[in-house]
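Coordinate analysis (summary)
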Amino acid sequence: MKESKFILILLATVLANNISAQTAAITKILQKTLQQEIEARKMVYTEIDSAGNKIGMSTMDIDSLVVTEPFIIKNDTLYYTTKHHFAYEKGYYTDQQIVALKDISAVAKDIGIFFETAPDKVQIIRQEYFEESNSIKTSRKTDLFRTHFISLRDNEYLADDLVKAFKKAGYKIEKGYWYD
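Residues numbered from 1 in each chain as written. Predicted model: local features only at pLDDT ≥ 70, side-chain atom pairs only at ≥ 80, totals over all residues. Heavy atoms only, no water.

1. Re the pattern of salt bridges
- Summed over the entire model, instances satisfying the criterion amount to five salt bridges.
- The partner of Asp180 in a salt bridge is Lys109, and the shortest N-O contact between them spans 2.6 Å. Here Lys109 lies in strand 4 (residues 104-109) and Asp180 lies in the segment after strand 9 (174-178), a separation of 71 residues in the sequence.
- For Asp180, a relative accessible area of 51% translates into the label exposed.
- A residue is classified by how much of its surface remains accessible, and Lys109, at 2% relative accessible area, is buried.
- Across the pair Lys175 and Asp160 runs a salt bridge, and its minimum N-O distance is 3.2 Å. Of this pair, Lys175 sits in strand 9 while Asp160 sits in helix 2 (residues 156-168); the two residues are 15 residues apart in sequence, bridging distant segments of the chain.
- With a relative accessible area of 34%, Lys175 lands in the partly exposed category.
- On the basis of relative accessibility, which here comes to 32%, the residue Asp160 falls in the partly exposed class. (Salt bridge = Lys/Arg side-chain N within 4 Å of Asp/Glu carboxyl O. Helix = DSSP H or I, 4+ residues; strand = E, 2+ residues; numbered from the N terminus. Buried < 20%, exposed > 50% of the residue type's maximum accessible area, 1.4 Å probe, protein only.)

Below, the structure written as structure tokens:
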């Protein structure tokens, strides 16, 4: 009896570690793409012409991507926290997105790359901070998990890589519409 319990515990540990390693592959893909996104945004805003003048788009606070908690998977749940400046007020807000991996049904691209879910499966916790030092915390649910990847082009391979990584981790997702 002791031997069968030991074998069962050993088997459960091996399977759990394998699944954890597979979710790490998802995180690795997302982290790498996040770094590429940040670099692409820097290039757009810091391009310099032959005379040494800055050219390109004007930098606005609302265009910045500040990640305060990169893509993390804990207990088969994906977390991602970003910081944004208000467009017309002094202050900023953070959005923490939370979604269970089992609830993700597709990865798609329109203006940016999203994970799609059934209605109300993505929880967004917003913490707003105003100049007057007060803050407001709200929570809402939606069906889209935003990666904020908007600058990268010709990256349909990313959808294929994510579909494969999710499959290896035991989750079935589809590649949705991919507009570039």
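2. Digging into the nonpolar core
- If you look at the biggest cluster of nonpolar residues, it comprises 28 residues, and the most contacted ones within it are Leu78, Phe115, Leu162 and Phe166.
- Listing elements by their share of this core, those giving two or more residues are helix 1 (2-46), strand 1 (66-74), strand 2 (77-85), strand 4, strand 5 (113-117), strand 6 (122-130) and helix 2.
- Among the elements that take part in this core, helix 2 stands out by supplying five residues, more than any other.
- Look past the residues within four positions of Leu162 in its chain and what remains in contact with it is Ile26, Ile29, Leu30, Val107, Phe115 and Ile173. (Core = buried A, V, L, I, M, F, W, Y, C linked by side-chain atoms within 4.5 Å. Contact = heavy atoms within 4.5 Å.)

3. Some thoughts on the side chain of Thr147
- Checked against the element boundaries, Thr147 lands in the loop between strand 8 (144-146) and helix 2.
- Side-chain polar atoms of Thr147 contact the backbone nitrogen of Phe149, separated by 3.2 Å.
- Residues within four places of Thr147 in sequence aside, it is in contact with Phe71, Tyr80, Ile113 and Phe115. (Polar contact = N/O pair within 3.5 Å; in protein donor to acceptor, adjacent residues only side chain to side chain.)

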